[in-house]
Amino acid sequence: MPQLSFEHAALQPSPIALPGPALVPSVPYYGFPDAEPGFELEVPRDVCAAALTAPTDDSIELFALGADRAVWSRTRVAGRWRAWRPLTPQTGAPWATSGPAAAVDASGDVHVLVRGPDGRLWHAQQGGAGTAVEGDGAWSAWSPAGNLTVAGNGGLLVAGGGGKLHALALGADRAVWHAAVPPCCDPARWAWSSLGGVWASKPAAAVDGRGALRVLAVSADDRNAYATAIDGGAGSAWARVGGGPLASVPKISMLPTGSGGVVAVARGADRAFLRAKLPDNATSWGRWGVLKLYPEGGWTSGAALLPQAGMEPELFATGSDLGVYHHTLRATHLHSMGGRFSATPSVLRNADGMLEVYVRGFDGRLWLRRQNNTGALGECNWDSWMSIGGSFLPFDC
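Summarised in this report is the structure supplied together with it. Worth saying up front: this structure is predicted, and the values here are computed from it rather than measured. Each chain has its residues counted from 1, following the order in which its sequence is written. This being a predicted model, a pLDDT of at least 70 is required before a residue's local features are given, and a value of 80 or more before pairs of side-chain atoms are given or counted; all residues contribute to the totals for chains, interfaces and linings. The side-chain values count all of the structure's non-hydrogen atoms but skip hydrogen atoms and water molecules.

Thoughts on the pattern of salt bridges
To keep it simple, the criterion reads: Salt bridge, as applied in this entry: a Lys or Arg side-chain nitrogen positioned within 4 Å of an Asp or Glu carboxyl oxygen. Under the scheme used here, helices are H or I runs from DSSP no shorter than 4 residues and strands are E runs no shorter than 2 residues, and both carry numbers assigned from the N terminus. When a residue's accessible area, from a 1.4 Å probe over protein chains only, is under 20% of the maximum for its type it is buried; when over 50% it is exposed; and in between it is partly exposed.
Scanning the model with the defined rule gives seven salt bridges in all. Among the ionic pairs, Arg76 bridges to Glu356, the shortest N-O distance being 2.5 Å. Of this pair, Arg76 sits in strand β6 (residues 71-77) while Glu356 sits in strand β29 (residues 355-360), and the two are 280 residues apart along the sequence. Here Arg76 matches Glu356 in class, with each residue buried.

Focus on the sheet that holds strand β11 (residues 120-125)
The strands making up a sheet are joined through hydrogen bonds of the backbone, oriented either antiparallel or parallel. Where we set the bar: In short, DSSP must find at least two bridges between two strands for them to pair. For every element, the axis is a line fit to its C-alpha atoms; helices are fit only across the contacting stretch, and the angle between N-to-C directions ranges from 0 to 180 degrees.
Spatial strand order, β9-β10-β11-β12-β13-β14-β15: seven strands in an open sheet with antiparallel pairing. Strand pairing shows two members of the sheet lacking a second neighbour, β9 (101-104) and β15 (193-196), which therefore form its edges. Strand-to-strand twist of the sheet, defined as the mean angle between neighbouring strand axes without regard to direction, takes the value 35°. Direction of pairing for strand β12 (residues 143-159) relative to strand β13 (residues 165-171): antiparallel, over a ladder of six bridges. Looking at the pairing, Val158 lines up with His166 of β13.

Here's the deal with the sheet that holds strand β22 (residues 273-278)
Spatial ordering of the open sheet is given by β20-β21-β22-β23, a layout of four strands whose pairing is antiparallel. Strands at the two margins of the open sheet, each flanked by one partner only, are β20 (253-256) and β23 (289-290). The pairing of strand β21 (residues 262-267) with β22 spans six bridges and is classified as antiparallel. The partner of Val263 across the bridge, within β22, is Lys277.

As for the nonpolar core
Soluble globular proteins: nonpolar side chains tend toward being buried together. Put simply, the rule reads: Only buried residues count toward a nonpolar core, which is a set of Ala, Val, Leu, Ile, Met, Phe, Trp, Tyr and Cys residues joined through side-chain atoms within 4.5 Å. In this description, contact between two residues means that some pair of their heavy atoms is separated by no more than 4.5 Å.
Counting residues in each nonpolar core, the largest one holds 19 residues, and the members touching the most others are Leu216, Val241, Leu246, Ile252, Met254, Trp285 and Trp288. Counting residues per element, the ones that place at least two in this core are β16 (204-207), β17 (213-218), β18 (225-230), β21 and β22. Not counting residues up to four positions away in its chain, the partners in contact with Met254 are Ala204, Ala205, Ala206, Arg214, Leu216, Val262, Val263, Ala264 and Trp285. Counting 18 residues, the second-largest nonpolar core is a separate cluster that includes Ala70, Trp81, Ala343 and Ile388.

Thoughts on the pairing of strand β27 (residues 334-338)
With four of its five residues buried, β27 lies for the most part within the structure. Two strands pair when backbone bridges link them, and strand β26 (residues 324-328) and β27 are joined in this way by three bridges, in the antiparallel orientation. Opposite Val324, over in β27, you have Gly338 as the bridge partner.

Focus: the state of the cysteines
Spelled out, the test is: Throughout, a disulfide means two cysteine sulfur atoms within 2.5 Å of one another.
Taken as a whole, this structure holds two disulfides when the rule is applied. A sulfur-sulfur separation of 2.0 Å characterises the disulfide bridge that pairs Cys48 with Cys397. One quick way to see it: the torsion about the S-S bond of Cys48 and Cys397 is about 105°, and its sign makes the bridge right-handed. Of the two residues, Cys48 sits in strand β3 (residues 47-48) while Cys397 sits in the segment after β33 (395-396), which places them 349 residues apart along the sequence. For Cys48, a relative accessible area of 10% puts it in the buried group. Bridging Cys184 to Cys185, the disulfide has an S-S length of 1.2 Å. Residues Cys184 and Cys185 are joined by a disulfide whose S-S torsion is about 40°; by sign, that bridge is right-handed. Its relative accessible area of 24% is what places Cys185 among the partly exposed residues.

Put into structure tokens, the structure is as follows:
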């Protein structure tokens, strides 16, 4: 497989001076009365640039789609970055035709799914059976995740109860398909089942307090979201979530709440974010409601969500100026984090409890901004944006 040199990627990240966090004006949502007819058709599909996992308390594993269409990985252990490396199989290397999806199983091993040139999903596992080289960070060879052919936006991995991993994908038939991720690395052990429907978007999913897998997808007919649940067996009937419509192919971000429910956020047809909640221990979703703050001109990416203990989630997305904005959902203001970026951010909370935001720049590199605890009275500040290198493509969320 041809590979890029990525010579610069082995260097330690270097900071760049970009605007720091600032309190910016924001407008209560009353719709967009001055929008031109057909405005909703101009909302593009949401694109992403990175998949994040945290296999241990002091490590982060980052995945991205290289300009050479290989899946690239970079690891940080105990605060030190290792060099970028391609996840190159020993034989039969597939070209990636989607972005990577990643999750951690009960053993702390990282799994990655990506769509290959044959239209099937391919699977690799860190430390699984079939690992060619023993030792820290060793990966299995790529193997097909069964024989299901999927749409070009690839698959999704979700960690369930007891460390069980769920895989979901939008099939070539536009139905949503589900499988439990089997032990590495036998393609014959993947047992996909169809959840039916005809959908415009890759599904989104999260596990509720009872251990049921809650799934949302956007209809190809009316751009509304529909929900199903997998609770130990086949999926339930799809049911419409009231409100909407959503953007044409939005990223739906979902989080379990600390009390047993699930919250979802997605971009609406008018560039505002909509939120829906599955109440604690409930079976039916509430309606989509508008999040009443947005940057001037609306949002231009999907949302990255992160939970806060006992509080509303934190949201990160890009505005019409292409800078990243930070919004705590009950807050009355937005914080601008500056920069100019080309994809939906990815975000995690590190072992110190500080937030980290990763996003693709127009230079093709990934950029990182980290919270620190240097503020007065226990408040958090943010470091400057820093490049962590690479040359990467955006991909459908």
